[in-house]
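Spelled out from the first residue to the last, the chains are:
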Amino acid sequence: MVMPPDRRLAAVLIVGSGAYLLGAFQISVPEGQYAAVGPQLFPLLIGLGLLTSAVYMGVSATAEARLPAVQWGVAASSALAFLAYIAALGLVGYLPATAGFLVLESRLLGSRDWARDLTVSVAITASVYGVFRVLLGLSLPSGLLG
Amino acid sequence: MGALAQLGDNLALGFGAALAPLNLLLGLVGVTLGTAIGVLPGIGPALTISLLLPLTFGMDPAGAFILFGGIYYGAMYGGSTTSILVRMPGEASSVMTALDGYEMTRQGRGGAALATAAIGSFVAGTFATVMLMLTAPALVELALGFGPTEYFALMVLALTALGGMTSGAPAKGAFATFLGLAIGTIGIDLQTGQARFTFGVPGLLGGLNVVVVTVGLFAVGEVFWHAATHRVSRETPARLDAPVRLTADDWRRSVPAWCRGTLVGFFTGVLPGAGATVASFLAYAVERRVSKTPAAFGHGAIEGVAGPEAANNASAGGSLVPLLALGIPGSGTTAVMLAAFQMYGLQPGPLLFSQESGLIWGLIASLYVSNVLLLVLNLPLIRLWVRLLHVPRSLLFAAVLVFATLGVYSLNNNLFDVAVVYVLGVLAFFMRRHGVPLAPTVLGVVLGPLLEQHFRRAMAISGGDPGVFLTRPVSAAILALTVAVVLVPMLVRARGAR
């Protein structure tokens, strides 16, 4: 007997909601200050709301519900590429990191035209640089090398 | 007479701002961008406005809101094009349009379908803006007497309605709402100085920036989801052979449908939680019900395009009424717009109408201008918009990630915010996979701190008596309405099950 997906989700969310509630209990309430409601009550109410809706989700889960098909490999690799991009921004700075990431990510997302991907990636990198730096005067990550 | 003269003054002020060259240009950029994202499936107004938030940080607020208003209206126009020509709705609010619109294209009447959608959108958008102009100040008058109790009740209603309506499973909508409220509690409590859920991380002390949250959930989450579910970007050839115009018979059938769709759409838009998608579904149902030939629906009935397309545009105008007059958004896009107001340190509501009347009336006037621009841009350029579908989706989504990253980085020049965006993007991916709606979470994050503030103020005034929410008539009535929003669908479901 396989557990319905919504019930599995509810189990995870109940644990998460419990952790939030625990965190809410640990908020220290300053003594001696006059306030009808301190910093703790609202998070406690939210925690109860999270827990109640998660429990209700588990109770009302039906066995027929199916999750949409996901290509985990593509999802994980594109998420990892994005993570690497954020790290690369800090290391090598905007220009090389962005041009490289655009080529990599568009291929991970299914593009198969090298010439087009390279051209468009460089064009996007240059135009974003133009908009952010030149037009709006915003700063872009320069990295350790920059 | 006094009220009319006042309205005239306000409009003159508004058009003065909206027609200033820079703002006119921003309006044009907004409607063009809005139409483009409306055409492109997967990229909607909430995502686009959230991506632009960091970029508009240094701009004059009036110009930024004119840009956002143009995007919002433009997306409603653009969404219909692909529905009609290739049965691929650019937005959820154009799903109903595909039913009869695509059939009309197959019968060689795609031009008429596009024309009725564009003219209907113009009629509805203009009417909704007139209604916005007339009803928002009236609501402001009413809201002047509101205190923290009433605002608390209104926010509870907005959160409940959106949470209850955007998902098939009420428990998921409720969880999404509480999740947003929980994210909103991160950071230092401003009243007592206590840190909450910061885990000793200095970057969390100021709380999560609403811009960071909206970009993470809407933009990055959308790309991750797209990556996981669409391996090969489908590039559907779209063809339009028929001329874009209406015959006398098309006019005769379209005009009443536009009027009905406009009314349905506007009032649905004003209600929290309902929004453009519900409005278009309702309008389609109304058209089918009043039709003498309901069997023709789904087989190319022009009313099935005219009604829903008018409705989704009118609902955009309607949803701005509670946002501007009360500061209460009722949909994902208006929640992002509230985040934009907060970014500028502005709180929409009665005070904003008196303190920033140039901004508010400039925005309202720009909506009239946007409508005219959209009609001019849409019909003659329809073939150009269709070509947008040839842009490879893979590059488009990769560019969204770059834009999201750099926009968020530029807010505070740190990569911590970018890391938060990443985490929220992963969270949004799993929420979508499990059918948990994102809009209530964003609304929760945006409204949460205000909700708590009003709650604590009301409790302080009442000396800690929670009965105050029920003894003040307006807040009691709003809370009763909130209970009805929860109970009525449950009762309907229970009766249906029997």
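Shown above is the structure to which this text applies.
Small disclaimer: the values here were computed from a predicted structure and weren't measured.

### A look at the overall build of chain B
- On a plain count of helices and strands, chain B comes out with 21 helices and two strands.
- Here chain B has a C-alpha radius of gyration of 22 Å; the compact-globule value for 498 residues is 23 Å, and the two agree.
- With respect to the three principal axes, the spread of C-alpha positions in chain B is 70 × 60 × 55 Å.
- The buried share among the 498 residues of chain B stands at 61%.

### Describing the interface of chain A and chain B
- Taken together, the contact between chain A and chain B spans 69 residues of the former and 56 residues of the latter.
- Note on chain A versus chain B: buried area summed over both sides is about 5,500 Å², and carbon and sulfur give 76% of it.
- The largest contributions to the chain A side of the interface with chain B come from A:Phe42, A:Phe82 and A:Leu109, which together make up 13% of the buried area.
- Our enumeration of links across chain A and chain B arrives at one salt bridge.
- Measuring nitrogen to oxygen at the nearest pair gives 3.0 Å for the salt bridge that ties A:Asp6 to B:Lys172.
- For the pair chain A and chain B, the interface holds nine residue pairs in polar contact (both at pLDDT 80 or more).

### Notes on the packing of helix H4 (residues 61-86) of chain B against helix H5 (residues 95-106) of chain B
Residue and element names in this part refer to chain B.
- As a packed pair, H4 and H5 sit with axes 6 Å apart at the nearest point and diverge in direction by 50 degrees. Taken as axis vectors, H4 and H5 run oblique relative to one another. Read as a crossing pair, H4 and H5 show a hand that is right-handed. Facing H4, whose interface residues are Ser80, Ser83, Ile84, Leu85 and Val86, H5 presents Thr97, Ala98, Gly101, Tyr102 and Thr105.
- Counted by class, the contact of H4 with H5 contains five nonpolar, five polar and no charged residues.

### Comments concerning empty space enclosed by the protein
All names here are of chain B.
- Here the structure, examined in full by the defined rule, presents one cavity of 30 Å³ or more.
- What the largest cavity holds in volume is close to 50 Å³.
- Tyr77, Ser80, Thr81, Leu114, Ala117, Ala118, Ser121, Asn378 and Ile382 are the residues that line the largest cavity.
- Of all the secondary structure elements, the ones that give two or more residues to the lining of the largest cavity are H4 and helix H6 (110-143).
- The element that contributes the greatest number of residues to the lining of the largest cavity is H6, accounting for four residues.

### Focus: the environment of B:Gly362
All names here are of chain B.
- Among the secondary structure elements, Gly362 is positioned in helix H15 (residues 357-378).
- A residue is classified by how much of its surface remains accessible, and Gly362, at 1% relative accessible area, is buried.
- Considered as a pair, Gly362 and Phe15 are 347 residues apart in the sequence and their alpha carbons are 6.1 Å apart.
- Excluding anything up to four places from it in sequence, Gly362 contacts Gly14, Ala17, Ala18, Ile66 and Ser357.

### Regarding unusual backbone geometry
Residue and element names in this part refer to chain B.
- Located in the positive-phi region is Phe197, a residue other than glycine, with phi close to 50 degrees.
- Among the structural elements, Phe197 can be located in the loop between strand E2 (195-196) and helix H9 (210-229).
- Phe197 sits in the buried class, given a relative accessible area of 11%.
- The phi angle at Phe199 is positive, at roughly 50 degrees, despite the residue not being glycine.
- By the secondary structure assignment, Phe199 is in the loop between E2 and H9.
- Note on Phe199: relative accessible area 70%, which makes it exposed.

### Section: the nonpolar core
- Core analysis: the largest hydrophobic core is formed by 187 residues, its most contacted members being A:Phe82, B:Leu53, B:Phe65 and B:Phe68.
- Contacts of B:Phe68, omitting those with residues within four sequence positions, involve B:Ile49, B:Leu52, B:Leu53, B:Thr56, B:Met337 and B:Ala340.
- Membership of the second largest hydrophobic core comes to six residues, among which are B:Ala36, B:Val39, B:Trp385 and B:Leu389.

### Quick notes on the packing of aromatic side chains
- According to the stated counting rule, one finds 26 aromatic pairs over all chains in the structure shown.
- Measuring from ring centre to ring centre gives 6.0 Å for B:Phe15 and B:Tyr368, while their planes differ by 25 degrees; the resulting arrangement is stacked. With B:Phe15 in helix H1 (residues 2-18) and B:Tyr368 in helix H15, this residue pair connects regions lying 353 residues apart in the sequence.
- For B:Tyr368, a relative accessible area of 15% puts it in the buried group.
- Seen in terms of ring centroids, B:Phe353 and B:Trp361 are 6.4 Å apart; in terms of plane orientation they differ by 90 degrees. Their pairing is edge-to-face.
- Residue classification places B:Phe353 among the buried residues on the basis of a relative accessible area of 10%.
- Within the aromatic cluster, the residues linked to one another by ring pairs are A:Phe82, A:Tyr85, A:Phe101, B:Phe224 and B:Tyr422.
- Of note, A:Arg107 hangs over the ring of A:Trp114, and the distance from its end group to the ring centre comes to 3.8 Å.

Here is what the cut-offs are and how they apply
Residues numbered from 1 in each chain as written. Chains lettered and ligands numbered in written order. Predicted model: local features only at pLDDT ≥ 70, side-chain atom pairs only at ≥ 80, totals over all residues. Heavy atoms only, no water. Helix = DSSP H or I, 4+ residues; strand = E, 2+ residues; numbered from the N terminus. Rg over C-alpha atoms; globule rule 2.2 N^0.38 Å. Buried < 20%, exposed > 50% of the residue type's maximum accessible area, 1.4 Å probe, protein only. Contact = heavy atoms within 4.5 Å. Buried area = accessible area lost by both parts, 1.4 Å probe. Salt bridge = Lys/Arg side-chain N within 4 Å of Asp/Glu carboxyl O. Polar contact = N/O pair within 3.5 Å; in protein donor to acceptor, adjacent residues only side chain to side chain. Axes fitted to C-alpha atoms, helices over the stretch in contact; angles between N-to-C directions. Parallel < 35°, antiparallel > 145°, perpendicular 65-115°, else oblique. Left-handed = near helix turned anticlockwise from the far one by under 90°. Nonpolar A, V, L, I, M, F, W, Y, C, P; charged D, E, K, R; others polar. 1 Å grid on protein atoms, 1.4 Å probe; cavity = no way out; pocket = protein on both sides within 12 Å on 5 of 7 lines; lining within 4 Å. Points joined across faces, edges and corners; volume = space filled by probe spheres on them. Core = buried A, V, L, I, M, F, W, Y, C linked by side-chain atoms within 4.5 Å. Phe/Tyr/Trp six-rings, centres within 6.5 Å; stacked < 30°, edge-to-face > 60°. Lys NZ or Arg CZ within 6 Å of the ring centre and 35° of its normal.

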